[in-house]
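Examination of the molecular architecture
Listed here are the chains, written in short residue letters.
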Amino acid sequence: MRTDLFRDSLVIFVKEWREWSAARTLWPASVAPIMAWGAVAPHLLGQLERGPLMVGVLLAGLPLVLSAILSADSLAGERERRTLETLLASRLSEQAILLGKMSAAVVLGWMLLLSAATPVILQQWLGPIAGFERLNIATLLWGLLAVGAPCVVLAVTTGALIALYTSSARVALFLTIVFGGMLVLIAFGALFWQPGGSGELLVGSLTLTGLVVLALDITLTILLLISARRERMIMTGG
Amino acid sequence: MPPPAILTEQLTRTIGAKTIVDRVNLSVSTGVIFGVLGPMGAGKTTLIRLLLGLVEPTYGAAWVLGYNVRANADAVRAHTGVVLQSPGLYENLTAWENLDLFGRIWHLPTPERNERIRALLRHHGLWERRNERVADWSHGMKHKLAILRALMHRPKLLVLDEPTAGLDAVDRELLRTDLAVLARQEGVTALIATHDPAEAALCDEIVIMHKGRIVAAGSPDAIVCASAAKRRVMVTGHGFTAELVDLVQSRQDVTHAAIDEQGRLIIEVSAQAVCAAVVNLLVESGAAVDSVTRCNDDLATVYRTLVEETHEDRPVSR
């Protein structure tokens, strides 16, 4: 049974990736602007007091919102295109469908995150960017892994939950964008609220933040898998 | 005698105060092509969803292929091929990729999967277009591919919601032939939901659904014959006055009489044998009768009549 779940999830995972690969506009429309933003953002914001942290939030913001949107669309959009009901009428379990879709969106989100961070890492490796002199590449990578990666899972899970409980793809996408925007604003607020912050990326606080987000990920994923019932997935918002 | 492929008892589905499927009793024999005929909103799609365990019944029970739908919906779906109203294809993928995806979903081993896809595409004339994106195809071709997708795992039950919508005459005929072959040679039972009486007329057995209820059941011929209890005759001649119509209608064995736009007298009688007495009455009343013709009802007419009537009576069981 568990083997079937993973095998079936993998089938859906591959299906999602095949679809995205076949969508000719997806890659130039998402990866290119993210990489461009990754290249210029440190130069624009590096002089500010909280530069490294702020750039981190800004770099992650776009991939997070995009992966949440992709997750919501892969559920609500498929429901509207009437392909989801065909999947649900097959032998696949609701959990296999959801896990396959979510894992595909998570991997894509991680790739987008890496696309945003690569220009910063490369520039930093060639020579410190002004305002980023104290930024250690290893710490940046740890930030990506410990905080960025679970944040992508959080965005994807939330996108899927929103899609599961809303009546149409349009509403789901709108709410997902609002949620993503709020998340970025909250992250900004947290930067300014941090008392006496130096703007440095601290391994300890990154790890702690990562653990909190991971706990949220696990909670939301369990909630999502419990809420996934065929009737709800077909009937919209039911 | 094999158990019925589909059996329902008082199957009911309500949403709020609205009853979508109302106490439906069905018994569909194995290996038949079974039609559910009804207008839009009759409850056909919900009935299909109930039979597949996609939605839960509010009341009643259903067994499909011997499995209780409420308790064992996974087993039902595992042996069923489904084409819903929309083809439900992944438009960015090619025809081959769409079939391959469902072959993987059904856990068909790679050699068998490839062979099956090849055979289905070749037999249905889509082989040459296997590497084209489905998005560029006509609606009819998409529908055809969706049906092939449903056949990938050689299901015991095939459920088709409006299967020939968008298909041209040739493809409709091919589909009907294929369904007949599947039903007879491989013992596959097909459940077809349709609003088209011509399509339903080709099924072995049908039910007519209206407002969630079954209002007629049986073979298409039997439904037409049963409806012919209300036989209509068309009388041509002169001297058909309103008083004469009232006089004819006053007979207990005449259910309805009216003069149509061409001046013909249309009479609905309870039995064909009444016709002679009615014609005698017309002649005795001074009308000149030139001809008397029996109106032959077909399934489309019967269906239209049944749907147009208000059904406050109890649902029909089959």
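If you're wondering where the values come from, they're calculated on a predicted model, not measured in any experiment. Residue numbers here run from 1 along each chain, matching the order of that chain's written sequence. All chains are assigned letters beginning with A, and all ligands numbers beginning with 1, in the order in which they are written. Local features in a predicted model are, by the rule used here, given only for residues with pLDDT of at least 70; side-chain atom pairs are given and counted only at 80 or more, and totals for whole chains, interfaces and linings are based on all residues. Derived side-chain values reflect all non-hydrogen atoms in the structure, with water molecules and hydrogen atoms excluded from consideration.

1. Overview of the overall build of chain B
Put simply, the test is: Counting from the N terminus, the helices are the DSSP runs of H or I reaching at least four residues and the strands are the DSSP runs of E reaching at least two. Residue exposure (1.4 Å probe, protein chains only): buried if accessible area is under 20% of the type maximum, exposed if over 50%, otherwise partly exposed. Residue-level accessible areas treat just the shown protein chains as cover; the underlying method is Shrake-Rupley with a 1.4 Å probe. We score Asp and Glu as negative and Lys and Arg as positive, and we do not count His or the chain ends. Lysine's charge is taken at NZ, arginine's at CZ, aspartate's at CG and glutamate's at CD.
When its secondary structure is counted, chain B shows eleven helices and 14 strands. Its C-alpha atoms give chain B principal-axis dimensions of about 80 × 45 × 40 Å. Relative to its 318 residues, chain B shows a buried fraction of 51%. Within the structure as shown, chain B displays about 14300 Å² of accessible surface, and the carbon and sulfur contribution to it stands at 52%. Charge separation in chain B, taken as the distance between the mean sites of 34 positive and 38 negative side-chain charges, equals 7 Å.

2. Observations concerning the interface of chain A and chain B
Our working definition: By definition in these notes, contact holds between two residues if any of their heavy atoms fall within 4.5 Å. Defined in terms of a 1.4 Å probe, buried area is the accessible area two parts forfeit on being brought together, summed over both. Salt bridges are identified by distance alone: a Lys or Arg side-chain nitrogen within 4 Å of an Asp or Glu carboxyl oxygen. Pairing of N or O atoms within 3.5 Å defines a polar contact, subject to two protein rules: one partner must be a possible hydrogen donor and the other a possible acceptor, and residues neighboring in sequence count only if both atoms are side-chain atoms.
Listed as interface residues are 26 residues of chain A and, on the opposing side, 28 residues of chain B. In total, about 2600 Å² of surface goes out of reach between chain A and chain B, with carbon and sulfur atoms giving 61% of it. If you look at where chain A meets chain B, you find three salt bridges. Among the salt bridges present, the one from Glu231 of chain A reaches Arg13 of chain B, with a minimum N-O distance of 2.8 Å. At the boundary of chain A and chain B, one finds seven residue pairs in polar contact (both at pLDDT 80 or more).

3. Looking at helix α8 (residues 220-227) of chain B
Residues and elements named next belong to chain B. Selection criterion: Note that the arc is computed from the directions linking the helix axis to the C-beta atoms.
For α8, every residue scored as buried is listed here: Pro220, Ile223 and Val224. Projected onto a plane normal to the axis of α8, the buried residues spread over an arc of 95° and lie on a single side. Residues of α8 that are exposed and angled more than 90 degrees away from the buried face: Asp221, Cys225 and Ala226.

4. Regarding the sheet that holds strand β11 (residues 231-238) of chain B
All names here are of chain B. We apply this condition: DSSP bridges decide pairing: two strands pair if at least two such bridges lie between them. Lines fitted to C-alpha atoms define the axes here, with helix axes fitted over just the stretch in contact, and angles between the N-to-C directions of these axes take values from 0 to 180 degrees.
The strand order across the open sheet formed by four strands is β12-β13-β11-β14, and the pairing between neighbours is antiparallel. Looking along the sheet, the strands with just one partner apiece sit at the ends: β12 (254-259) and β14 (288-294). The sheet shows a mean angle of 20° between the axes of neighbouring strands, direction not considered. Here six bridges tie β11 to β14, and the two strands are oriented antiparallel to one another. The partner of Val233 across the bridge, within β14, is Arg294. Where helix α9 (residues 242-249) meets the sheet, it contacts β12 and β13 (265-269), and its direction lies at approximately 170° from that of β12.

5. Regarding the side chain of His210 of chain B
Residues and elements named next belong to chain B. Locating His210 in the fold gives a position in strand β9 (residues 205-210). His210 sits in the buried class, given a relative accessible area of 12%. Engagement of the side chain of His210 in a polar contact is seen with the backbone oxygen of Val307, the distance being 3.1 Å.

6. A look at the side chain of Thr157 of chain A
Residue and element names in this part refer to chain A. Within the secondary structure layout, Thr157 lies in helix α6 (residues 137-165). For Thr157, a relative accessible area of 0% puts it in the buried group. At 2.5 Å, the side chain of Thr157 forms a polar contact with the backbone oxygen of Val153. Setting aside its immediate chain neighbours within four residues, Thr157 contacts Met102, Leu220, Thr221 and Leu224.

7. Examining the packing of helix α3 (residues 95-105) of chain B against helix α4 (residues 110-123) of chain B
Residue and element names in this part refer to chain B. What counts, and what does not: Angles are sorted into four bins: roughly parallel if under 35 degrees, roughly antiparallel if over 145, roughly perpendicular if 65 to 115, and oblique for all others. Put simply, a crossing is left-handed when the front helix is turned counterclockwise from the back one by less than a right angle, and right-handed when it is turned clockwise.
Direction vectors running N to C along α3 and α4 enclose 135°, while the axes themselves pass 10 Å from each other. Classified by the angle between their axes, α3 and α4 sit oblique to one another. Once α3 is placed against α4, the crossing between them reads as right-handed. Across the interface between the two elements, Trp96, Leu99, Asp100, Gly103 and Arg104 of α3 pack against Arg113, Asn114, Ile117, Arg118 and Leu121 of α4.

8. Details of the pairing of strand β4 (residues 59-64) of chain B
Each regular strand shows side chains that alternate between the opposite faces of the sheet. Residues and elements named next belong to chain B. The pairing of strand β1 (residues 6-15) with β4 spans five bridges and is classified as antiparallel. Bridging from a neighbouring strand, Thr8 pairs with Ala62 of β4. Bridge count between β4 and strand β5 (residues 67-68): two bridges; the pairing is antiparallel. In the sheet register, Trp63 faces β5, and the bridge partner there is Asn68.

9. Some thoughts on the confidence of the model for chain A
Definition in use: In predicted models, pLDDT denotes the confidence assigned by the predictor to each residue on a 0 to 100 scale.
For chain A, per-residue confidence averages 83 on the pLDDT scale, and residues scoring 70 or more make up 86% of the total. By mean pLDDT, helix α2 (residues 26-45) of chain A is the weakest element of chain A at 77, and helix α4 (residues 84-88) of chain A is the strongest at 93.

10. A closer look at the nonpolar core
A general tendency of soluble globular proteins is for nonpolar side chains to be buried together. Put simply, the rule reads: Side-chain atoms within 4.5 Å link the members of a nonpolar core, which is a set of buried Ala, Val, Leu, Ile, Met, Phe, Trp, Tyr and Cys residues.
Core analysis: the largest hydrophobic core is formed by 146 residues, its most contacted members being Met233 of chain A together with Leu47, Leu121, Leu145, Leu158 and Ile208 of chain B. In terms of residues, this core owes the most to one element, α6 of chain A, which gives 15 residues. Residues in contact with Leu158 of chain B, not counting those within four places in the same chain, are Gly81, Ala150, Leu151, Leu179, Leu182, Val188, Thr189, Ala190 and Leu191 of chain B. In terms of nonpolar packing, the next biggest core, distinct from the first, is built from 17 residues, Val233, Val235, Val254 and Cys275 of chain B among them.

11. Here we look at empty space enclosed by the protein
It is a probe the size of a water molecule, rolled over the atoms, that shows where empty space is left. Residues and elements named next belong to chain B. What counts is decided by this rule: Buried and open spaces are told apart on a 1 Å grid over the protein atoms alone, a cavity being a set of points where a 1.4 Å probe fits but cannot get out and a pocket being an open set with protein on both sides within 12 Å along at least five of seven lines. Residues with an atom within 4 Å of a point are the lining residues. Grid points are joined across faces, edges and corners, and a volume is the space filled by probe spheres set on the points.
Under the definition given, this model contains five cavities of 30 Å³ or more. Approximately 100 Å³ is the volume attributed to the largest cavity. His124, Lys144, Ile147, Leu175 and Asp178 are, among the 13 residues lining the largest cavity, the residues nearest its centre. Breaking the lining of the largest cavity down by element, the ones donating at least two residues are α5 (139-151) and α6 (169-185).

12. Observations regarding unusual backbone geometry
In this structure, Arg82 of chain A is a non-glycine residue whose phi angle is positive, near 65°. Inspection of the secondary structure puts Arg82 of chain A in the loop between α3 (51-80) and α4. Of the residues examined, Arg82 of chain A reaches a relative accessible area of 39% and is grouped as partly exposed. At Gln10 of chain B, a residue that is not glycine, the phi angle is positive and equals roughly 55°. Tracing the backbone shows Gln10 of chain B in strand β1. For Gln10 of chain B, a relative accessible area of 32% translates into the label partly exposed.

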